[in-house]
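For reference, the chains in residue letters:
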Amino acid sequence: MRLTLLGTQGWIPTPRRETTCLAVDDGPLLFIFDAGTGLGRLLRPPASKLIAGAAEIHLFLTHYHLDHVCGLAYLPAIFAGRTLTVHVPDAALNGVEPQRGVPELIRKPYNPRAWHEQPGLVLATLHEGVNQVAGHELRLRAQCHPDTTVAYRLDDRFVLATDTVADPQTAIFARGAEVLLHESWIDGVEEDDPAAQEMVRTTYQAHSSARQAAALAAQAGVGELILMHLNPLRDDDYYAQMQTAARTIFAPTFIYPDLHERVLGG
Ligand SMILES: [Zn+2]
Ligand SMILES: [Zn+2]
């Protein structure tokens, strides 16, 4: 099983990073998490090999904020002639009827072709707790964000916790996982700066810091923490500072460029 980071930026794509999208391939099985602009990387090498080698493809959404779903407009280009199952959380998790979420977005005047007019697209729902998908165990739990998001855990391989405030339950949900992918919007060192208090307060209503993510990773005992959904208003120097701050709490913390690959369970 292999993890590929297709998009690690939050909110706005930048020349070096696309918005949230992750791929996990396991032989002929391809799992994709979120449909940010990073989904477009599947059209071109090196990531196009993931589609070429896939016999069964599943896409999972964490929530409906546009930076996580704008890639749904690319589906006809990427998955033409293929069957794609798009999994969304059920209404008990996020209060959104599944039939409303995606089809409401993929219709005129927002998209030239409606969801139901595109052959090969299948909508499926996932519930809180354990779901079985293509022979794998996929767990979901709700997270706090301006709109409810869900965290995913795929077997004992990885946990994706993005667009969330730092949540103590994440440490339990991620316990023993090989990799934790956690959002990181600020460094966390700003907590010590009196001039930054308002910025820190508003950030923590929706997002997490690198230091908070590292504390959760340490409590969970994961093998590696990958910081993602990075703030597009910050630069590489700031990301390096985030990584350094997180490593004082949890040493195996990394910020990778888009298209980074990692073997899972190897
Ligand atoms: Zn986001
Ligand atoms: Zn969001």
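What counts and what doesn't
Residues numbered from 1 in each chain as written. Chains lettered and ligands numbered in written order. Predicted model: local features only at pLDDT ≥ 70, side-chain atom pairs only at ≥ 80, totals over all residues. Heavy atoms only, no water. Buried < 20%, exposed > 50% of the residue type's maximum accessible area, 1.4 Å probe, protein only. Helix = DSSP H or I, 4+ residues; strand = E, 2+ residues; numbered from the N terminus. Pairing = 2+ DSSP bridges. Donors = N, O, S within 2.8 Å, 3.2 Å for Na, K, Ca; no water. Tetrahedral: all angles 85-135°; square planar, octahedral: opposite > 155°, others 65-115°. Axes fitted to C-alpha atoms, helices over the stretch in contact; angles between N-to-C directions. Contact = heavy atoms within 4.5 Å. Phe/Tyr/Trp six-rings, centres within 6.5 Å; stacked < 30°, edge-to-face > 60°. Lys NZ or Arg CZ within 6 Å of the ring centre and 35° of its normal.

A look at the pairing of strand β2 (residues 21–26)
Of all six residues in β2, five are buried, a share of seventy percent or more. Bridge analysis of strand β1 (residues 2–7) against β2 gives five bridges, and the strand direction is antiparallel. Within the sheet, the bridge partner assigned to L3 lies in β2 and is V24. In terms of strand pairing, β2 meets strand β3 (residues 29–33) through five bridges, oriented antiparallel.

With respect to the coordination of the zinc ion (ligand 2)
Ligation of the zinc ion (ligand 2) by protein atoms is provided by H63 (NE2), H65 (ND1), H145 (NE2) and D163 (OD), these donors lying 2.2 Å from the ion. Note that the zinc ion (ligand 2) binds four donor atoms; their angles at the metal cover 90 to 172°, and the shape is irregular. If you look at the zinc ion (ligand 2) and the zinc ion (ligand 1), they sit 3.5 Å from each other and are both ligated by D163. Of this pair, H65 sits in the loop between β4 (56–60) and α2 (66–69) while H145 sits in the loop between β8 (136–143) and β9 (149–154), placing them 80 residues apart in sequence.

Things to note about the sheet that holds β1
The sheet built from seven strands is open, its strands ordered β6-β5-β4-β3-β2-β1-β14 with mixed pairing. In the strand order of this sheet, the two ends are held by β6 (121–126) and β14 (261–263), each with one partner. Averaged over all pairs of adjacent strands, the angle between strand axes in this sheet comes to 20°, irrespective of strand direction. Direction of pairing for β4 relative to strand β5 (residues 84–89): parallel, over a ladder of four bridges. Each bridged residue has a counterpart across the sheet, and for I57 the counterpart in β5 is L84. The strands touched by helix α5 (residues 98–105) within the sheet are β5 and β6, with β6 carrying the most contacts at an inclination of about 145°.

A few points about the packing of aromatic side chains
Per the stated rule, a full pass over the model turns up six aromatic pairs. Taking the centre distance of 5.2 Å and the plane angle of 90° together, the rings of F31 and F60 count as edge-to-face. One end of the pair, F31, is in strand β3; the other, F60, is in strand β4, and 29 residues separate them in sequence. On the basis of relative accessible area, F31 is assigned to the buried category, the value being 2%. With a relative accessible area of 0%, F60 lands in the buried category. For the ring pair F254 and Y256, a centre distance of 5.4 Å and an interplane angle of 5° mean the geometry is stacked. Feature note: the residues F31, F33, F60, Y152 and F158 constitute an aromatic cluster, connected by ring pairs. Of note, R234 hangs over the ring of Y238, and the distance from its end group to the ring centre comes to 4.2 Å. Taking NZ or CZ as reference, R247 lies 4.9 Å from the ring centre of F254, over its face.

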